[in-house]
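# Descriptive structure summary
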Amino acid sequence: MLALATRFLREPVSLRLAEEFLTVPVDTIDRCVADVCACAQHLGIPATPEIVERVAREHLLAIVNSAPPPRSPR
């Protein structure tokens with residue numbers, strides 16, 4: 001039952017983040033949201049959609065900002 005509730009929490013969050021992070025694969029976004037849910041539950045923090053989205057957004061921003069810049073031709 002907990003897994004079903006977690007899935008319903010994750011899907012809208014993943015959809016909103018997928019609309020925002022177009023260059024990140026959807027599988028990566030789903031995995032990030034699932035990891036945040038698992039971490040929150042492990043720490044005993046209520047995994048509300050707002051908290052999950054905020055933390056996942058920070059993780060995704062780190063992924064996007066850590067990508068190397070495109071190489072320019074010489």
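All figures in this text were calculated on a predicted structure; none of them were measured in a lab.

### Examining the overall build of the protein
Check the secondary structure of the protein and you find 3 helices and 0 strands. Ordered by position from the N terminus, the helices and strands of the protein form the series α-α-α. The buried share among the 74 residues of the protein stands at 26%. Taking the intrachain contacts of the protein between residues at least 6 apart in sequence as the baseline, contacts between residues at least 24 apart amount to 64%.

### Things to note about the side chain of S14
As for its position among the elements, S14 is in helix α1 (residues 2–20). For S14, a relative accessible area of 8% gives the class buried. Not counting the four nearest positions on each side in its chain, S14 is found in contact with I29, D30 and V33.

### So, the state of the cysteines
Going through the model one piece at a time under the given rule, you end up with 0 disulfides. No disulfide involves C37; its sulfur sits 9.5 Å from that of C39, the nearest cysteine. Among the residues examined, C39 registers a relative accessible area of 48% and is labelled partly exposed.

### A closer look at helix α3 (residues 49–65)
Turn by turn, an α-helix covers 3.6 residues, leaving residues three or four places apart pointing in a common direction. In a regular helix each residue adds 1.5 Å, so 17 residues correspond to 24 Å; α3 covers 24 Å between its end C-alpha atoms and thus fits that length. The set of residues buried in α3 consists of V52, E53, A56 and L60. Buried residues of α3, seen end-on, are gathered within an arc of 90° and therefore sit on one face of the element. Residues of α3 that are exposed and point more than 90 degrees away from the buried face comprise E50, R54 and N65.

Calculation criteria
Residues numbered from 1 in each chain as written. Predicted model: local features only at pLDDT ≥ 70, side-chain atom pairs only at ≥ 80, totals over all residues. Heavy atoms only, no water. Helix = DSSP H or I, 4+ residues; strand = E, 2+ residues; numbered from the N terminus. Buried < 20%, exposed > 50% of the residue type's maximum accessible area, 1.4 Å probe, protein only. Contact = heavy atoms within 4.5 Å. Disulfide = S-S within 2.5 Å. Expected span 1.5 Å × (residues − 1). Arc of directions from axis to C-beta.

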